[in-house]
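The chain contents come next:
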Amino acid sequence: MTPSEAKQRIASLRAEVTRNDELYYRRARPELNDPEYDRLKRELAELEARYPDAAAAAGPSSPTARVGDDRAEGFVAVRHRLPMQSLDNTYSEAELREFHARLARLLGREDLAYVVEPKIDGLAVSLTYEKGRFVRAVTRGNGVDGDDVTANALTIRALPRELKRSARAPLPDLIEIRGEIFMTLAEFERINATRDDSGEERYANPRNLAAGTIKLLDPREVAERRLELVLYGFGACEPPGAGGETQSGYHALVRAWGLPTVEKFWKARGIDEVWAAVGELDRVRRSFAYATDGAVVKLDSLALQREAGSTSKAPRWAMAYKFAAERAETKLLAISVQVGRTGVLTPVAELEPVLLAGSTVSRATLHNKDEIARKDIRVGDFVFVEKAGEVIPAVVGVNVARRAPECVAFKFPTRCPSCGSAVVQAEGEVALRCPNYDCPVQVRRRVRHFASKACVDIDGLGEAMVDVLVEKGWVRSIADIYRQRRENLLSLGKSVEKSTDNLLAAIEASKRAELWRFIHGLGIPHVGAAAARDLASRFGSLDELSQSRHQDYIGADGQSLIAGIGETMASAIIGHFNQPINRTLVRDLDEAGVRPAAPAARSAGTGPLSGKTFVLTGTLPTLAREEASTRIEAAGGKVSSGVSKKTSFVLAGADAGSKLEKAKSLGIAVIGEDELLAMLAGR
Ligand code: IVH
């Protein structure tokens, strides 16, 4: 490779890795599976090491020199007391042995004691406990600053508000306890089943869903999904040493405090025992509650860990050995292209059925047009299919040696496979879309979503019935549901009189469904059920919502005015109603006699705090935050996350942060726990 070729390749790999970091950490929607991503990153690191001049010429910043960044809009950034580093990883036994050899040289001894733990495939979190009381949960972020996700983490049942006191495990004054938030496969399947019911796209895998869930702006939505927790390390600790002396002791200590730790770990002396433990872990890991993608090998002695130290990015005393993805080779019979509710075209590989990681696989995702071109995947090829943490298998490459000469490059359709419209690609987007709002597949999916249980919930208008109505041309838009003619429906078959009348009655009754159900049913990007409820209570009608403007959502100071609704959602809602067809739908629904029920007051509005909005900040002397929120809401008040002019009181405790400053600058009343308790008692 010439230096100029190296420079070019380095630049393109950096762009590719950066793009995939963004997809993985910030958007929880990776396009590559882990092994594919690791291969890219490794190639980049190797080129940078081999061609340092070319690397410098390609620009100063490389994703190999930083940890991914998960920080998202709508969260307050908090600095970790001790940075959260990442781990070096390898897929090779030789490199794992090299890790030990390096440490043995560095520490001047061979007989090093290690702990081998499962590497949990979730998202990293740091919990702070002060004098045994839970204070906050922060994501890794960029390793230095993370997002405060305390409100969402409080929905995790395994997370104790108070650590257990025990004579054997005295509580430190302050401790950062680190681990991973994850979702079980069973919970993931449960959520996807409800997505199927409402005709929504399935989530790809539990890790992404867990990562997406912890970043939802509304803790009520988080509470609807069950997240779990497992802990494996410490950050800062005061007084130093209160975290014990060994990693093997960590698990017992943390468990004595009532916190969940890994299901199983192995103590090993020397690298041969480590390697045997890694093999043992691989044999048993499928019975764990969480997905594991490798083993983490750590020096057992915390004193030796300190002696070994860290590089800028990762500790020298630990190494992740990642298990190779399970992989199979099979023939690609066809590539079908599916159309989603919003018109996005997704290519799917139709495969000769093959056994992979315990199940038969006959379809696999191909992500998008660019991925097919990048991997040069052709119909008739023998392809490699991998499952790595992913529940949906992916085609990761082609066995070019087995390619038949007649295989030609795949031509991605330029027309929608459902309606024949010319497809379009929005600037900056990888996805191709069918732009035709009346495309039958899109209509079907839109109407299915609207009528589903999660939305307006029209009994008798399930997926099959929607498909019939769309196929007959009787339903072209959501409003057409309310224009069904009895004689048409009766023509669908013999003895359908009763079901027809039931359906018409259900459609009629649905006109008075709660407003939030209609809002959710419109399918506005990013607007889920909880946000739909907030929008319903703020705007009171579809018409008002459709006329909402940016200033209804975001104050002049940039703060969100409706709790739980940030910039992304606000733009999505405004963008949605900027399209004339979506405004027309609101009018059509009204003309068809739709009269949504007034938003059910979430709290009867009769309690002593009715009409008052509270913002909580800092640690209260006796009440946990969640408890304070619950009591405020039970008394008719509202709890909101951001301080704005509409805030009635800021409830401040110890270590209150920027919210307190903001309250002062806006002249908002600041109260303490005592005053809250008095208000709750109606005094
Ligand atoms: S120890 C200084 N132990 O893997 C870093 N990490 O790929 C200490 N992870 O950022 C991390 N299971 O989020 C450690 N048993 C385990 C782990 C684990 C999963 C995650 C962690 C880390 C990432 C690196």
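Remember, predicted model here, so these are calculated numbers, not experimental data. Once a new chain begins, its residue numbering starts again from 1 and follows that chain's sequence as written. Whole-chain, interface and lining totals are the exception, using all residues; otherwise, since this is a predicted model, local features are given only for residues with pLDDT of at least 70 and side-chain atom pairs are given and counted only at 80 or more. The side-chain numbers reported here are obtained from all heavy atoms of the structure, hydrogens and water having been left aside.

Comments concerning the overall build of the chain
Thought 1: Secondary structure elements follow DSSP: runs of H or I of four or more residues count as helices, runs of E of two or more count as strands, with numbering from the N terminus. Within the chain, the regular secondary structure consists of 25 helices and 22 strands.
Thought 2: Throughout, radius of gyration means the C-alpha value; the globule benchmark is 2.2 Å times the number of residues raised to the power 0.38. For the chain, the C-alpha radius of gyration of 28 Å lies close to 26 Å, the compact-globule estimate for 683 residues.
Thought 3: The C-alpha extent of the chain, read off along each of the three principal axes, is 90 × 85 × 50 Å.
Thought 4: Working definition: with a 1.4 Å probe on protein chains only, accessible area under 20% of the residue-type maximum means buried, over 50% means exposed, and in between means partly exposed. Scored against the burial criterion, the 683 residues of the chain give a buried share of 50%.
Thought 5: For the chain, the share of sequence-separated contacts (at least 6 apart) that also reach a separation of at least 24 residues comes to 68%.
Thought 6: For every accessible area listed, the method is Shrake-Rupley and the probe measures 1.4 Å; residues are considered covered only by the protein chains on display. When the accessible surface of the chain is summed, it comes to about 31,800 Å², and 51% of that surface belongs to carbon and sulfur atoms. In this description, contact between two residues means that some pair of their heavy atoms is separated by no more than 4.5 Å.

Points about the sheet that holds strand β10 (residues 292-299)
Thought 1: Strands qualify as paired when DSSP identifies two bridges or more between them. One open sheet accounts for 5 strands, arranged β2-β11-β10-β3-β9; its pairing is mixed. Two strands lie at the open edges of the sheet, namely β2 (89-90) and β9 (266-269), each paired on one side alone.
Thought 2: As judged from the 5 bridges shared by β10 and strand β11 (residues 318-322), these two strands associate in the antiparallel manner. Within β11, the residue paired with glycine 294 across the bridge is lysine 322.

Quick notes on the packing of aromatic side chains
Thought 1: Note on aromatic pairs: the rings of Phe, Tyr and Trp (six-membered ring only in Trp) are paired at centre separations within 6.5 Å, and the planes decide the class, stacked below 30 degrees, edge-to-face beyond 60, tilted for the rest. Enumeration according to the criterion identifies 13 aromatic pairs in this entry.
Thought 2: Arranged with centres 6.4 Å apart and planes meeting at 50°, the rings of phenylalanine 234 and tryptophan 257 form a pair that is tilted. One end of the pair, phenylalanine 234, is in strand β8 (residues 228-238); the other, tryptophan 257, is in the loop between α9 (247-256) and β9, and 23 residues separate them in sequence.
Thought 3: Summarising the aromatic geometry, the rings of phenylalanine 410 and phenylalanine 412 are spaced 6.2 Å apart at their centres and angled 90° between planes, so their arrangement reads as edge-to-face.
Thought 4: Looking at phenylalanine 410, the relative accessible area reads 25%, which means it is partly exposed.
Thought 5: Given the relative accessible area of 10%, phenylalanine 412 is considered buried.
Thought 6: Taken together through their ring pairs, the aromatic side chains of Phe182, Phe288 and Tyr290 make up a single cluster.
Thought 7: Its end group placed over the ring of tyrosine 437, arginine 446 keeps NZ or CZ at 3.7 Å from the ring centre. Cation placement over rings: the criterion is NZ of Lys or CZ of Arg within 6 Å of the ring centroid and within 35° of the ring normal.

Things to note about the pairing of β10
Thought 1: Judged by how many residues are buried, β10 sits mostly within the fold: 8 of 8 residues are covered.
Thought 2: When strand β3 (residues 113-120) meets β10, the two strands line up antiparallel, connected through 7 bridges. Residue pairing in the sheet places isoleucine 120 in a bridge with threonine 292 of β10.

Focus on the state of the cysteines
Thought 1: Two cysteine sulfur atoms form a disulfide, by the criterion used here, when they sit within 2.5 Å. With the rule as written, the count across this model stands at 0 disulfides.
Thought 2: Among the cysteines around cysteine 419, which has no disulfide bond, cysteine 434 carries the closest sulfur, lying 3.6 Å off.

As for the packing of helix α4 (residues 93-107) against helix α10 (residues 270-284)
Thought 1: Contact geometry of α4 with α10 gives a least axis separation of 10 Å together with a crossing angle of 140°. By the angle between their directions, the pair α4 and α10 is classed as oblique. Both α4 and α10 take part in a crossing whose hand is right-handed. Facing Glu93, Leu96, Arg97 and His100 of α4, the residues of α10 in contact are Ile271, Asp272, Val274, Trp275 and Val278. Every axis corresponds to a line fitted to the C-alpha atoms, with the helix fit spanning only the stretch in contact, and the corresponding angles, defined between N-to-C directions, vary from 0 to 180 degrees. Under this scheme an angle from 65 to 115 degrees is roughly perpendicular, one under 35 degrees roughly parallel, and one over 145 degrees roughly antiparallel; angles in between are oblique. If you view the pair so one helix is near and one far, a crossing is left-handed when the near helix is turned anticlockwise from the far one by less than a right angle, and right-handed when it is turned clockwise.

Details of helix α21 (residues 567-578)
Thought 1: End to end, α21 covers 16 Å across 12 residues, agreeing with the expected 16 Å (1.5 Å per residue, within 8%).
Thought 2: Among the residues making up α21, those that are buried are Met569, Ala570, Ala572, Ile573, Ile574, His576 and Phe577.
Thought 3: The secondary structure elements touched by the buried residues of α21 are α18 (529-539), α19 (542-546), α20 (550-553) and α22 (580-591). To estimate how far a helix should extend, the number of its residues minus one is multiplied by 1.5 Å.

Quick word on the pairing of strand β5 (residues 133-139)
Thought 1: Of all 7 residues making up β5, 6 are buried, and the element is well covered by its neighbours.
Thought 2: By the bridge criterion, 6 bridges tie strand β4 (residues 123-130) to β5 in an arrangement that is antiparallel. Each residue of the ladder has a partner; that of tyrosine 129, found in β5, is phenylalanine 134.
Thought 3: Connecting the antiparallel pair β4 and β5 is a turn made up of 2 residues, with lysine 131 showing a positive phi of about 50°.

Overview of the packing of α21 against α22
Thought 1: For the pair α21 and α22, the least separation of the axes is 5 Å and the interaxial angle reads 80°. When the axes of α21 and α22 are compared, the pair comes out roughly perpendicular. Mapping the contact onto sequence places His576, Phe577 and Asn578 in α21 and Pro580, Asn582, Arg583 and Val586 in α22.

Let's talk about the site of the ligand
Thought 1: For this description, a residue counts as near a given molecule or strand if any of its non-hydrogen atoms is within 4 Å of it. The environment of the ligand is made up of 13 residues, and the closest members are Glu117, Pro118, Ile120, Glu180 and Lys298.
Thought 2: One of the side-chain nitrogen or oxygen atoms of glutamate 180 is found 2.8 Å away from an oxygen atom of the ligand.
Thought 3: Between the ligand and the protein, one listed contact pairs a nitrogen atom with a side-chain N or O atom of lysine 298 at 3.0 Å.
Thought 4: Look at the ligand: alone it shows 530 Å² of surface, and the protein chains cover 86% of it.
Thought 5: Among the elements of the structure, β3 and β10 are those that each provide at least two residues to the shell around the ligand. The term polar contact refers here to a pair of N or O atoms within 3.5 Å; inside protein, the definition further demands a hydrogen-donor-capable atom paired with an acceptor-capable atom, and it admits residues adjacent in sequence only when both atoms are side-chain atoms.

Quick look at the nonpolar core
Thought 1: By size, the foremost hydrophobic cluster in this structure holds 51 residues, and its most contacted members are Ile458, Ile481, Tyr482, Ile519, Val527, Leu535 and Tyr553.
Thought 2: At the level of secondary structure, the elements contributing two or more residues to this core comprise α13 (440-451), α14 (463-471), α16 (497-510), α17 (515-521), α18, α19, α21 and α22.
Thought 3: If we skip the residues at most four places from it in the chain, isoleucine 519 touches Val527, Ala532, Leu535, Ala536, Leu542 and Leu545. Take the buried residues of types Ala, Val, Leu, Ile, Met, Phe, Trp, Tyr and Cys, join any two whose side-chain atoms come within 4.5 Å, and each joined set is a nonpolar core.

Notes on the sheet that holds β5
Thought 1: Strand order across the open sheet formed by 4 strands is β5-β4-β7-β8, with antiparallel pairing between neighbours. Unpaired on one side and paired on the other, β5 and β8 mark the two borders of the sheet. For this sheet, the mean inter-axis angle between neighbouring strands, taken without regard to orientation, is 25°.
Thought 2: Across 8 bridges, the pairing between β4 and strand β7 (residues 174-182) is antiparallel. The residue of β7 that forms the bridge with tyrosine 129 is isoleucine 175.
Thought 3: Against the sheet, α9 engages β7 and β8, with an angle of about 110° to β8.

Some words on the environment of valine 385
Thought 1: Within the secondary structure, valine 385 is located in strand β15 (residues 382-387).
Thought 2: Along the chain, valine 385 and alanine 364 lie 21 residues apart, while their C-alpha atoms are 7.6 Å from each other.
Thought 3: Among all residues touching valine 385, those that are not within four sequence positions of it are Glu326, Arg327, Ala328, Thr330, Leu351, Leu356, Val361, Ala364, Pro393 and Ala394.

Brief notes about the pattern of salt bridges
Thought 1: Whenever a carboxyl oxygen of Asp or Glu lies within 4 Å of a side-chain nitrogen of Lys or Arg, that contact is scored as a salt bridge. Throughout the structure, instances matching the rule amount to 52 salt bridges.
Thought 2: For arginine 42, the salt bridge goes to glutamate 95, with nearest N and O atoms at 2.8 Å. Here glutamate 95 lies in helix α4 and arginine 42 lies in helix α2 (residues 34-50), a separation of 53 residues in the sequence.
Thought 3: Judged by its relative accessible area of 33%, arginine 42 falls in the partly exposed class.
Thought 4: The exposure class assigned to glutamate 95 is partly exposed, which follows from its relative accessible area of 31%.
Thought 5: Notably, a salt bridge pairs glutamate 176 with arginine 178, separated by 2.9 Å at the nearest N-O pair. Arginine 178 carries the same exposure label as glutamate 176, and that label is buried.

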